[in-house]
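A look at the structure
Each chain is listed here by its residues.
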Amino acid sequence: MKLSDLLERSEYKILQGSIDREMSTLVYDSRKIESGSVFVCISGAVSDGHAYAPQAVEKGAAAIVVEHSVDIPENADITIIQVRDSRLALAELSAAYFGYPAEQLTTIGITGTKGKTTATYMVKSILEHSGYPTGLIGTIEIIIGDEAIPAVNTTPESYVIQEAFRKMADAGLKCVVMEVSSQGLMLHRVGGFTFDYGIFTNLEPDHIGPNEHKDLDDYIRCKAMLFKQCRQGIFNADDEHLERILQGHTCEVETYGFSENADLRASDARLYDRGGSLGVAYHLSGKMDMDVEIDIPGKFSVYNSLTAIAICRHFGVPRKIIKESLSKIQVKGRVEILPVSSKFTLMIDYAHNAMSLESLLATLREYQPKRLVCLFGCGGNRSRDRRFEMGEVSSRLADLTIVTSDNPRDEEPEAIIEDIIVGVKKADGEYISITNRPEAIRYAIENALEGDVIVLAGKGHEDYQIIKGVKHHMDERELVAEVVKDGRFIGKRPQ
């Protein structure tokens, strides 16, 4: 490939050399530079790629892409391309490098504070049952056919996205559904192509801080970027921030929600408990008319399913397939109910901050369990405030809090637990602390009472525990299975 072909859809200025030269690879990691590479200098949180420009010369790179001048030897045989934003340039060059694969796929991007992960799996399930082979990019993994690659970021770097798109197109997939984070939008990780569908689920004041967004306005601005980069926009009509999300949009607009003005309207929502399995049912009207049931608890499951239905409606998916797919869907680590006993309900969820834990426990309270039991810990080398906040939330909403470990990292687990208990004591729920998480899970199950709802919170899809810098395998599903195999629980009747 020639450098001129790589740059064909980008705005740039040639500072030195010629673009009429062959290139070998496109890289943004200086360690991967080789003879003939085009190296894009990215300014990251840890280091500035511009500092590695001399190294690119030494390794025989064909070109470097920069935002500003760099210090390299005079008369170096290298082309220097200047761009306004090297992150955006990386996205555009990656799209060209992989042959614009997004143009061979129907691209679906879902953004919002909550619901992105579950909604992506719902969409994938429905489309695949309808004969549309679909790839997925999200918080848990990247799925390409039968291959599942563990994820590093909710929205990967643009090069990784375009590489995944190319693999999906080559594998014969027709669609891709992906989670689009505010960080991913802000850092142009989804630049270089236009989404066919952009979806807004909801917005809450999360991800605001020195390493993410400076304030709520910036968070909203970044979320709204998706709707200047998609053809069809689909929006939660009930979200209080909708008007601001829509500012400056360039897409067609369609809405869903409980609102009477929504294009797809949910009504008559009702919760159900089928002995160890919790779910929600509702009636859908508007642009589609049918009854819907989902074996995932809570009102947020209505919104997640509405998201999926609103998207799949555009593909002409029959109502029967939508209903069947939604009735069977389960997402790893997202209110994931494990079929342990008909006498009590046990679930795993990724809730790992006060806001998500409060939302989850408040939802489960609506099912009026005999007891609501919450098992959780907090990560080491992270904000102490989270420990106090989560402890107080659990103590206020759960009947029993089991405080345990969750990725203590370099801290002592007992010190983290002590902080959590400070928060627990601010409310009046009962609690017990068991440092060893497998032992804590065993305690929760073996002491379950009939009618309990037990939540193992914080780990979700994670299958490891980080202790003193070492990642140890620990899958809560396996731990639960071991307890069930021993058979030392019966769902005792409450006294």
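Residues numbered from 1 in each chain as written. Predicted model: local features only at pLDDT ≥ 70, side-chain atom pairs only at ≥ 80, totals over all residues. Heavy atoms only, no water.

**As for the overall build of the protein chain**
- When you go through the protein chain residue by residue, the secondary structure sums to 15 helices and 24 strands.
- Taken over the C-alpha trace, the protein chain has a radius of gyration of 25 Å; the compact-globule value for 495 residues is 23 Å, and the two agree within 12%.
- Taken over the C-alpha atoms alone, the protein chain extends approximately 85 × 55 × 40 Å along its principal axes.
- Here the analysis covers contacts within the protein chain between residues at least 6 apart in sequence; of these, 65% occur between residues at least 24 apart.
- As presented, the protein chain carries roughly 21300 Å² of accessible surface, and 46% of it is formed by carbon and sulfur atoms. (Helix = DSSP H or I, 4+ residues; strand = E, 2+ residues; numbered from the N terminus. Rg over C-alpha atoms; globule rule 2.2 N^0.38 Å. Contact = heavy atoms within 4.5 Å. Areas by Shrake-Rupley, 256 points an atom, 1.4 Å probe, with all protein chains shown as cover.)

**Quick notes on the sheet that holds strand S18 (residues 345-349)**
- Taken in spatial order, the six strands line up as S17-S18-S22-S19-S20-S21 in an open sheet, and their pairing is mixed. Looking at strand neighbours, the two that pair on one side only are strand S17 (336-338) and strand S21 (430-433), the edges of this open sheet. Taking the axes of each pair of neighbouring strands and ignoring which way they run, one obtains an average angle of 20 degrees across the sheet.
- By the bridge criterion, three bridges tie S17 to S18 in an arrangement that is antiparallel. Pairing of Ile-337 across the sheet is with Met-347, part of S18. (Pairing = 2+ DSSP bridges. Axes fitted to C-alpha atoms, helices over the stretch in contact; angles between N-to-C directions.)

**Re helix H12 (residues 384-397)**
- The terminal C-alpha atoms of H12 lie 21 Å apart, and with 14 residues this matches the ideal 20 Å at 1.5 Å per residue to within 8%.
- Every buried residue of H12 is listed here: Arg-387, Phe-388, Met-390, Gly-391, Val-393, Ser-394, Ser-395 and Leu-397.
- Among the residues of H12, the N-terminal cap falls to Ser-383, whose side-chain oxygen and the backbone nitrogen of Asp-385 are separated by 3.2 Å. (Expected span 1.5 Å × (residues − 1). Buried < 20%, exposed > 50% of the residue type's maximum accessible area, 1.4 Å probe, protein only. Polar contact = N/O pair within 3.5 Å; in protein donor to acceptor, adjacent residues only side chain to side chain.)

**Here we look at the nonpolar core**
- Ile-108, Val-123, Tyr-282, Leu-284 and Ile-309 are the most contacted members of the largest nonpolar core, which totals 69 residues.
- Ranked by residue count, the leading element in this core is helix H9 (residues 299-313), at eight residues.
- The next biggest cluster of nonpolar side chains, apart from the first, holds 29 residues, and it includes Ile-144, Phe-165, Phe-200 and Cys-251. (Core = buried A, V, L, I, M, F, W, Y, C linked by side-chain atoms within 4.5 Å.)

**Quick look at the sheet that holds strand S4 (residues 63-66)**
- Ordered by their spatial adjacency, five strands build an open sheet running S1-S5-S4-S3-S2, and the pairing between neighbours is mixed. The two strands at the open ends of the sheet, each matched to only one other strand, are strand S1 (13-16) and strand S2 (26-27).
- Bridge count for S1 against strand S5 (residues 79-82) is three bridges, and the pairing is antiparallel. Within S5, the position partnered with Gln-16 by the bridge is Ile-80.

**Considerations on the pattern of salt bridges**
- Considering all chains together, one arrives at 29 salt bridges under this definition.
- The partner of Asp-20 in a salt bridge is Lys-2, with the nearest N and O atoms 2.6 Å apart. Of the two residues, Asp-20 is situated in the loop between S1 and S2 and Lys-2 in the segment before helix H1 (3-6); the sequence distance between them amounts to 18 residues.
- For Asp-20, a relative accessible area of 51% puts it in the exposed group.
- Connected through salt bridges with shared partners, the residues Arg-384, Arg-387, Glu-411 and Asp-419 form a single ionic network. (Salt bridge = Lys/Arg side-chain N within 4 Å of Asp/Glu carboxyl O.)

**A closer look at the packing of helix H14 (residues 437-446) against helix H15 (residues 476-486)**
- The geometry of H14 relative to H15 is characterised by a closest axis approach of 10 Å and an angle of 50 degrees between their N-to-C directions. Judged on the interaxial angle alone, H15 and H14 are oblique. Once H14 is placed against H15, the crossing between them reads as right-handed. On H15, the residues touching Arg-437, Pro-438, Ile-441, Arg-442, Ile-445 and Glu-446 of H14 are Glu-476, Leu-479, Val-480, Glu-482, Val-483 and Asp-486.
- Each residue belonging to the contact of H14 with H15 can be placed in one class, and the counts come to six nonpolar, no polar and six charged. (Parallel < 35°, antiparallel > 145°, perpendicular 65-115°, else oblique. Left-handed = near helix turned anticlockwise from the far one by under 90°. Nonpolar A, V, L, I, M, F, W, Y, C, P; charged D, E, K, R; others polar.)

**Looking at the packing of helix H11 (residues 354-365) against H12**
- At their nearest, the axes of H11 and H12 sit 9 Å apart, and the two run at 10 degrees to each other. In terms of orientation, H11 lies roughly parallel with respect to H12. Contacts between H11 and H12 involve Ala-354, Leu-357, Glu-358, Leu-361, Ala-362 and Arg-365 from the first element and Glu-389, Met-390, Val-393, Ser-394, Arg-396 and Leu-397 from the second.
- For the contact of H11 with H12, a count of residues per class yields seven nonpolar, one polar and four charged.

The quantities given are spatial measurements derived from coordinates; they are silent on function.
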